[in-house]
Amino acid sequence: MGVEAHATNERVTGRRWTVRLDPVGRGRADVRVSCSRPACAAQVLPSAADGRTAAIAHLKAHLRAGPAPRPSVHCACRAEECHTHIRPAGPRERPVPWRCGGAVVLAVITDREGRWWQVLECCSRCAAAHPTAKVVATAPAAETPARGDGFRADGPAPATPGGPAATTPSFSAISPHFSHSATAAATGTAVPQQASGPRTSAPRSAPRSARPTRKRPPRGRIAQRLVPHDLRPVALRDELTELGELFRAYQARTEPDLAVLADLHARKAEAFNAWAEVTADTGLRLDARRAEQAAATARLQHLHRIGQAPDGEGPAVVRLLTAPAQWNHARAVLAHVAENAPLPGAEARLLVLMVTLRTAQSGVGNLVGQDIKGLPLQDPEHLVGQLVESGWLGISGTVEELIASRPESPTRISVPSLTPDEDDPGPFTFGRKLRPKLSGWAQRVVGEKKLRKGKTGADVRLLALALATGADGEGRLGPGGEGIGLDALASWCAADPGDLPDLVDRLTAADWLAEADVTGTLLTGRLTERVLPLGCPLT
């Protein structure tokens, strides 16, 4: 009998599933939407926008059809050493799930790029600690039965039909939202107790609502804790009450502000430390330490978002190519292609560059049709045929087979002028591991989202490559920000110098350039902060 009771009250880990948006293959526009739930089959969509719409619709369908959060489950994120928890002071011990706090909620967590969405059945404290978490449903508070009504030492008693714990909360599945305010059904209204003794204070026939009630002063609430109305000093009580209101107001915001959140967590840490000194409560000290960690994390995320170093000394840009040697090799490849392109025109120049980066190390490499069709070329089949006829490019098969090839069966290509031998080691000196990094960097620049959506031509994308390798660490064009010569830019882009102002306007419209100014011989300005990670600074 005792074993059965223990098994009945054993708590299970909360549910969790993920909907992901992944590319089908390198250089391809179609994406795959997958769900970690076993019954859900993956689907392929033609574009990232369509995939994101399908992923969100799939997630909403799960939320609309799935059960509400259960009040008796363990926190799902706690099962994997959630970083929002800290270990207790003293000897190391196994973390326990009940160190979470607050009601069980169903929260949706997503990355800011919109590549995955995760649904967690977790505690409200863990949900609040995730910057992107949005609560879509809250479980009803589980009531503790009186000791004369089946109190169990090993856990809460099973909910009876019709009782508070059996109520299924309703929630909107239209879109995730913050549940920062409690409903009237959840909060309830206290019923005053009838005084003992002779019934002289009110007539016997008077209705219950007409009898006088005693109202306690309002109590503040912060982090699932009630602030005692008799807490002293009064300034501490008022600070805790105000902080609770500010946190609830922050949760109601439509857009996050990590600087404000960091300040709130810092104030909370200071207030909880003072509260712990007054009450000698160890739990308050632990909450204060968590608030300090949350403040430091939010402040660091804010600095990274605005492109500033954590110590405030200057900008911190995480670049795709990280070392000066890599930047110099990228410039060397661009210079080699400008001098040795076998065909005239911007489209031929762009195709030769991408093929060169695929074969730069050994003169041979693999190519698929999407690698070519993803470039802004009007007639890619004819252009590839011209490169083959000129002898600059060799392919294993026909041009039609190359254009139709897929990632599972790529076409072998070769560039004889890049093939090293005993007498000529080739034009490039970088190692085998750097070649795919340089190729990936060029692909990121050429296929950048706003350039692609703006349907810019090959000459605009060649100009983007030139400016990415011709700016300093702060994004200013030319050595010392003095600008880049128009003749050199026109030669690289295979365009007429008179066409450069229009190309510059196209880059400015795509949020690549700011403060751009084309004079008689120079282009001045700077790269926008958005594209600084793609830059190769001048050293």
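Below, the structure is looked at part by part. Note that the structure is predicted; figures quoted are calculated from it, not measured. (Residues numbered from 1 in each chain as written. Predicted model: local features only at pLDDT ≥ 70, side-chain atom pairs only at ≥ 80, totals over all residues. Heavy atoms only, no water.)

1. Brief notes about the overall build of the protein
Scanning the protein from N- to C-terminus turns up 17 helices and 14 strands. By the burial criterion, 38% of the 539 residues in the protein qualify as buried. Summarising the internal contacts of the protein: among those between residues at least 6 apart in sequence, 63% fall at separations of at least 24. Carbon and sulfur atoms make up 53% of the accessible area of the protein, which totals about 30200 Å². (Helix = DSSP H or I, 4+ residues; strand = E, 2+ residues; numbered from the N terminus. Buried < 20%, exposed > 50% of the residue type's maximum accessible area, 1.4 Å probe, protein only. Contact = heavy atoms within 4.5 Å. Areas by Shrake-Rupley, 256 points an atom, 1.4 Å probe, with all protein chains shown as cover.)

2. Remarks on the packing of aromatic side chains
Applying the stated criterion across every chain, the model contains 2 aromatic pairs. Judged by centre distance (5.6 Å) and plane angle (80°), the rings of phenylalanine 272 and tryptophan 275 are edge-to-face. Of this pair, phenylalanine 272 and tryptophan 275 both sit in helix 6 (residues 258–279), 3 residues apart, which is roughly one turn of that helix. Both residues of the pair, phenylalanine 272 and tryptophan 275, belong to the buried class. (Phe/Tyr/Trp six-rings, centres within 6.5 Å; stacked < 30°, edge-to-face > 60°.)

3. Things to note about the state of the cysteines
Taken as a whole and judged by the stated rule, the model has 0 disulfides. Here cysteine 126 stays free of any disulfide, with the sulfur of cysteine 123 as its closest cysteine sulfur at 3.2 Å. The class of cysteine 126 is buried, set by a relative accessible area of 0%. (Disulfide = S-S within 2.5 Å.)

4. A word on the sheet that holds strand 5 (residues 116–123)
Taken in spatial order, the 6 strands line up as 3-2-1-5-4-6 in an open sheet, and their pairing is antiparallel. The open sheet terminates on both sides in strands that have one partner only, identified here as strand 3 (43–45) and strand 6 (134–138). With strand direction ignored, the average angle separating the axes of adjacent strands in the sheet is 20°. Two elements, strand 1 (residues 16–23) and strand 5, share 5 bridges in a ladder whose sense is antiparallel. Within the sheet, the bridge partner assigned to threonine 18 lies in strand 5 and is glutamine 118. Where helix 2 (residues 48–65) meets the sheet, its contacts fall on strand 1, strand 2 (31–35), strand 3, strand 4 (104–110), strand 5 and strand 6, and the angle it forms with strand 1 comes to roughly 170°. (Pairing = 2+ DSSP bridges. Axes fitted to C-alpha atoms, helices over the stretch in contact; angles between N-to-C directions.)

5. As for the pairing of strand 4
The element strand 4 is largely enclosed, with a buried count of 6 among its 7 residues. The sheet contact formed by strand 4 and strand 5 spans 7 bridges and is antiparallel. Across the sheet, residue threonine 110 finds its bridge partner in strand 5, namely tryptophan 117. Where strand 4 lies against strand 6, 4 bridges are found, and the strand directions are antiparallel. The residue of strand 6 that forms the bridge with valine 105 is threonine 138.

6. Quick word on empty space enclosed by the protein
All chains considered together, the criterion is met by 3 cavities of 30 Å³ or more. There is about 80 Å³ of room inside the largest cavity. If you trace the largest cavity, you find it lined by Leu351, Met354, Val355, Arg358, Leu367, Asp371, Ile372, Leu375, Ser439 and Gln443. Broken down by secondary-structure element, the contributors of at least two residues to the lining of the largest cavity are helix 9 (346–359), helix 10 (369–373) and helix 13 (434–446). For the lining of the largest cavity, the per-class residue count stands at 6 nonpolar, 2 polar and 2 charged. (1 Å grid on protein atoms, 1.4 Å probe; cavity = no way out; pocket = protein on both sides within 12 Å on 5 of 7 lines; lining within 4 Å. Points joined across faces, edges and corners; volume = space filled by probe spheres on them. Nonpolar A, V, L, I, M, F, W, Y, C, P; charged D, E, K, R; others polar.)

7. Overview of the sheet that holds strand 9 (residues 364–367)
Reading across the sheet, the 3 strands line up as 9-11-10 and stay open at both edges, with antiparallel pairing between neighbours. Each edge of the open sheet carries a strand with a single partner, namely strand 9 and strand 10 (394–395). With 4 bridges joining them, strand 9 and strand 11 (residues 411–414) adopt antiparallel strand pairing. Its bridge partner being in strand 11, glycine 365 is matched across the sheet by isoleucine 413. Against the sheet, helix 9 touches strand 9 and strand 11, its axis set at about 120° to strand 9.

8. Considerations on the nonpolar core
Ranked by size, the top nonpolar core spans 73 residues in total, and within it Leu467 and Trp512 carry the most contacts. Among all residues touching leucine 467, those that are not within four sequence positions of it are Leu477, Ile484, Leu489, Leu507, Leu513, Leu523 and Leu527. (Core = buried A, V, L, I, M, F, W, Y, C linked by side-chain atoms within 4.5 Å.)

9. Thoughts on unusual backbone geometry
Residue arginine 232 is joined to proline 233 through a cis peptide bond whose omega torsion reads 5°. Its place among the elements puts proline 233 in the loop between strand 8 (225–226) and helix 5 (234–251). You will see that glutamine 224, though not glycine, has its phi angle at about 60°, which is positive. Residue position: glutamine 224 is located in the loop between strand 7 (221–222) and strand 8. Phi is positive for glutamate 515, close to 60°, though the residue is something other than glycine. As for its position among the elements, glutamate 515 is in strand 13 (residues 513–518).

10. Thoughts on the packing of helix 13 against helix 15 (residues 458–468)
Where helix 13 meets helix 15, the closest approach of the two axes is 9 Å, and the angle between their N-to-C directions is 125°. As judged from the angle between their axes, helix 13 and helix 15 are oblique. The hand of the helix 13/helix 15 crossing is right-handed. Contact residues: helix 13 offers Trp441, Ala442, Val445 and Val446, while helix 15 offers Arg461, Ala464, Leu465 and Ala468. The residue inventory of the contact of helix 13 with helix 15, partitioned by class, reads 7 nonpolar, no polar and 1 charged. (Parallel < 35°, antiparallel > 145°, perpendicular 65-115°, else oblique. Left-handed = near helix turned anticlockwise from the far one by under 90°.)

11. Description of helix 6
With 22 residues, helix 6 ought to run about 32 Å at 1.5 Å a step, and its terminal C-alpha atoms sit 31 Å apart, in line with that. Listing the buried residues of helix 6 in full gives Leu258, Leu261, Ala262, Leu264, His265, Lys268, Ala269, Ala271, Phe272, Trp275 and Ala276. Looking at the residues trailing helix 6, positive phi occurs at alanine 280, about 55°. (Expected span 1.5 Å × (residues − 1).)

12. Describing the pairing of strand 14 (residues 522–527)
Consecutive side chains along a regular strand alternate between the two faces of the sheet. Relative to strand 14, strand 12 (residues 484–485) is paired through 2 bridges, and the arrangement is antiparallel. Across the sheet, the residue bridging to glycine 485 is leucine 522, located in strand 14. Direction of pairing for strand 13 relative to strand 14: antiparallel, over a ladder of 4 bridges. Its bridge partner being in strand 14, aspartate 517 is matched across the sheet by threonine 524.

13. Some details on helix 8 (residues 324–340)
Because an α-helix completes one turn every 3.6 residues, residues spaced three or four positions apart along the sequence face the same direction. Here helix 8 is 17 residues long and its end C-alpha atoms lie 25 Å apart, about the 24 Å a rise of 1.5 Å per residue gives. Structurally, helix 8 contributes buried residues whose contacts are with helix 9, helix 13, helix 15 and helix 16 (486–493).

Don't take any of this as a statement about function, it's just geometry.
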